[in-house]
Amino acid sequence: MKFFIDTANLKEINSAVEMGVLDGVTTNPSLAAKETASYNELLQDICKVVPGPVSAEVLATDTEGMLSEARELVKIADNIVVKIPTTLEGLRAVKALTSEGISVNSTLVFSASQALLVAKAGASFVSPFVGRLDDISTEGMQLIGDIVTIYNNYGYRTEVLAASLRHPMHVVQSALLGADVATMPYKVIAQLIKHPLTDIGLEKFLEDYKKKMQ
Ligand code: E4P
């Protein structure tokens, strides 16, 4: 399973790179708005430290606007993947961009039917938003399972990128269901390694050893 970090904050990205388990980055306009640098500057800096896919989202909502923004974004670095919202206009953009050889991450996916369409259009990644479905009392993880099944049924090569993950169990459940990628905030990556029994066990080992040495 690939791990992406869901942030535009360079400090968090550098810390995740140092952990040695980071495969890529996802950003979105809300995440970029939290930072002081411009979106383009941020993307340039991120692509210098992360060699894997870095998702950069378009702001246009019409197909032509999405296409021209996407063509500019991919000039920033070779590893830019363009994030396109999953609307009818977005679907047309996915088809056009993939036929130009531009890698697309179809974002804001909330149904299996949307996932089926973007796979047919050739998206490299599909991003189902698990946490936001949970927020409206719908089982977000069910969508991950459905998309994995559908893609396996037909051999679609679009990678399932479980997004809007809010806690470690979202990551574990995505892995159990066979999602190709999990994108998560820095806090969740850090939480994945923590277990109180590990800390208690380590403390006891060191204490016992110290006693024997006295
Ligand atoms: C994914 O690419 C999105 O940027 C992200 O996962 C959204 O997460 P949120 O619902 O916590 O904002």
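Up top is the structure.
In this report, we go over the structure that sits alongside the text.

What counts as what
- Residues numbered from 1 in each chain as written.
- Predicted model: local features only at pLDDT ≥ 70, side-chain atom pairs only at ≥ 80, totals over all residues.
- Heavy atoms only, no water.
- Helix = DSSP H or I, 4+ residues; strand = E, 2+ residues; numbered from the N terminus.
- Contact = heavy atoms within 4.5 Å.
- Areas by Shrake-Rupley, 256 points an atom, 1.4 Å probe, with all protein chains shown as cover.
- Lys, Arg positive; Asp, Glu negative; His and termini not counted.
- Charge placed at Lys NZ, Arg CZ, Asp CG, Glu CD.
- Buried < 20%, exposed > 50% of the residue type's maximum accessible area, 1.4 Å probe, protein only.
- Arc of directions from axis to C-beta.
- Phe/Tyr/Trp six-rings, centres within 6.5 Å; stacked < 30°, edge-to-face > 60°.
- Core = buried A, V, L, I, M, F, W, Y, C linked by side-chain atoms within 4.5 Å.
- Pairing = 2+ DSSP bridges.
- Axes fitted to C-alpha atoms, helices over the stretch in contact; angles between N-to-C directions.
- Near = heavy atom within 4 Å.
- Polar contact = N/O pair within 3.5 Å; in protein donor to acceptor, adjacent residues only side chain to side chain.
- Nonpolar A, V, L, I, M, F, W, Y, C, P; charged D, E, K, R; others polar.

1. Regarding the overall build of the protein
Logical step 1: Helix and strand counts for the protein stand at eleven helices and eight strands.
Logical step 2: Summarising the internal contacts of the protein: among those between residues at least 6 apart in sequence, 55% fall at separations of at least 24.
Logical step 3: Summed over its atoms, the accessible surface of the protein is roughly 11,300 Å², and 56% of this surface lies on carbon and sulfur atoms.
Logical step 4: Distance between charge centres in the protein, computed from 19 positive and 25 negative side chains, equals 5 Å.

2. Re helix α6 (residues 112–121)
Logical step 1: The complete set of buried residues in α6 reads A115, V118, A119 and A121. Each buried residue of α6 lies within a common arc of 160 degrees when the element is viewed along its axis, so the set occupies one face.
Logical step 2: The elements touched by buried residues of α6 are α5 (88–99), β5 (104–109), β6 (125–128) and α8 (140–154).
Logical step 3: Directly after α6, the chain includes G122, whose backbone phi takes a positive value near 100 degrees.

3. A word on the packing of aromatic side chains
Logical step 1: With the rule as written, the count across this model stands at four aromatic pairs.
Logical step 2: A centroid spacing of 5.9 Å and a plane angle of 65 degrees characterise the contact between F4 and F125, whose relative ring orientation is edge-to-face. A residue pair is termed long-range when its members are at least 10 positions apart, and F4 in strand β1 (residues 2–6) and F125 in strand β6 qualify at 121 residues.
Logical step 3: Under the relative-accessibility criterion, F4 is labelled buried at 1%.
Logical step 4: Judged by relative accessible area, F125 falls into the buried class, the value being 5%.
Logical step 5: Taking 6.2 Å as the distance between ring centres and 40 degrees as the angle between the ring planes, the aromatic pair formed by Y154 and Y156 counts as tilted.

4. Observations regarding the nonpolar core
Logical step 1: Formed by 57 residues in total, the largest nonpolar core has its most connected members in I80 and I84.
Logical step 2: Broken down by element, this core gets its largest block of residues, six residues, from α8.
Logical step 3: Residue contacts for I80: discarding those within four places in its chain leaves L43, C47, V54, A56, L73 and V74.
Logical step 4: If you look at the next biggest cluster of nonpolar residues, it comprises seven residues, including F4, V81, F129 and L161.

5. Quick notes on the sheet that holds strand β4 (residues 80–85)
Logical step 1: Around the barrel, eight strands lie side by side as β1-β2-β3-β4-β5-β6-β7-β8; this closed barrel has parallel pairing. Taken pair by pair, the neighbouring strands of this sheet meet at an average axis angle of 30 degrees, ignoring direction.
Logical step 2: In the sheet, strand β7 (residues 159–162) pairs with strand β8 (residues 181–184) via two bridges, with the strands oriented parallel. Counterpart to A162 in the pairing with β8 is A182.
Logical step 3: Along the sheet, α6 makes contact with β5 and β6, crossing β5 at roughly 165 degrees.

6. Quick look at the site of the ligand
Logical step 1: Around the ligand, a shell composed of D6, T26, N28, K83, F129, R132, A163, S164 and R166 is seen.
Logical step 2: At 2.6 Å, a side-chain N or O of K83 approaches an oxygen atom of the ligand.
Logical step 3: At 2.7 Å, a side-chain N or O of S164 approaches an oxygen atom of the ligand.
Logical step 4: A total of 340 Å² of accessible area belongs to the ligand in isolation, and the protein chains cover 85% of it.
Logical step 5: Within the shell around the ligand, the residues separate by chemical class into two nonpolar, three polar and four charged.

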